[in-house]
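Structural features, examined
So the chains spell out like this:
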Amino acid sequence: KLNLRISPLDRQVESKSSAIQQISLTMYRGALGVIRRAKSTAEAPMKKAAEAAAPSETASPSVALGPTVAAMSAAIATVTATTYAVEKFTASSCRPFDVKGTRYDQSTFSGRFSERLIACDPWLLTYGSEEVARAKTMVDNASTMIANPPADGSNIHRTLWESKRIVDATLHPDTGEAVPSPFRMSG
């Protein structure tokens, strides 16, 4: 048989805990009441407007189409321009191509930022099946292309990184099938 005694200190803690719970509950109920009153006050003008309107014309929030399209276009143009700038500024300092590696140094913020930025380039949505097939062939034959660079003097490593970027953005990594443009990560 257990002999439990409740000391006066335990009673004080219990009563304080109970008082805190009561205060919290009272504050919660008060907050709910304020929220309900604010909601009904805010909805009252909308109800009056809906009643005044014809039954087929209910009040609905609308979004201005012009500013929305302008903001979307500005965002796409910003990403495209920034991607172009990163591509041009880093073209001469390309790392040697590695099929399993990344083009930019992932130990620095600028490398990680550049890698994510060029992966989201909206221009990647515009490549057709011929360009994707050509890029895949270049990536598959990378070792041959590095051993025998083109005679035109172009940077073969930059060309291979760009081809890998196109392949990674366009082809599904498991099946190898082309991902439809609306479902690609780009843009």
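Source: prediction; values computed, not measured.

As for the overall build of the chain
- When you go through the chain residue by residue, the secondary structure sums to 6 helices and 0 strands.
- Each helix (α) and strand (β) of the chain, taken in turn from the N terminus, gives the series α-α-α-α-α-α.
- Taking all 187 residues of the chain together, the buried fraction comes to 22%.
- Considering only intrachain contacts with a sequence separation of at least 6, the fraction spanning at least 24 residues in the chain is 65%.
- Here the chain displays about 13,900 Å² of accessible surface, and carbon together with sulfur accounts for 62% of that area.

Details of the packing of aromatic side chains
- Evaluated as defined, the whole model comprises 2 aromatic pairs.
- Ring plane angle 65° and centroid distance 4.9 Å describe the contact between Phe-97 and Trp-161, whose orientation is recorded as edge-to-face. Taken as a pair, Phe-97 in the loop between helix H2 (65-90) and helix H3 (109-119) and Trp-161 in helix H6 (residues 156-170) lie far apart in primary sequence, 64 residues in all.
- Here Trp-161 falls in the buried class, since its relative accessible area comes to 5%.
- Measuring from ring centre to ring centre gives 5.9 Å for Phe-109 and Phe-113, while their planes differ by 20°; the resulting arrangement is stacked. Placement of both Phe-109 and Phe-113 in helix H3 is noted, with a separation of 4 residues, approximately one turn of the helix.

Some words on a nonpolar patch on the surface
- On the surface, Leu-65, Val-69, Met-72 and Ile-76 cluster together into a nonpolar patch covering about 380 Å² of accessible area.
- Along the chain, Met-72 falls in helix H2.
- Among the residues examined, Met-72 registers a relative accessible area of 48% and is labelled partly exposed.

Observations regarding the environment of Ala-77
- Locating Ala-77 in the fold gives a position in helix H2.
- Counting along the chain gives 45 residues from Ala-77 to Pro-122, while the straight-line C-alpha distance between them is 8.9 Å.

Conventions adopted
Residues numbered from 1 in each chain as written. Predicted model: local features only at pLDDT ≥ 70, side-chain atom pairs only at ≥ 80, totals over all residues. Heavy atoms only, no water. Helix = DSSP H or I, 4+ residues; strand = E, 2+ residues; numbered from the N terminus. Buried < 20%, exposed > 50% of the residue type's maximum accessible area, 1.4 Å probe, protein only. Contact = heavy atoms within 4.5 Å. Areas by Shrake-Rupley, 256 points an atom, 1.4 Å probe, with all protein chains shown as cover. Phe/Tyr/Trp six-rings, centres within 6.5 Å; stacked < 30°, edge-to-face > 60°. Patch = residues over 30% accessible without salt bridge, like charges linked within 9 Å, V, L, I, M, F, W, Y side chains within 5 Å. Salt bridge = Lys/Arg side-chain N within 4 Å of Asp/Glu carboxyl O.

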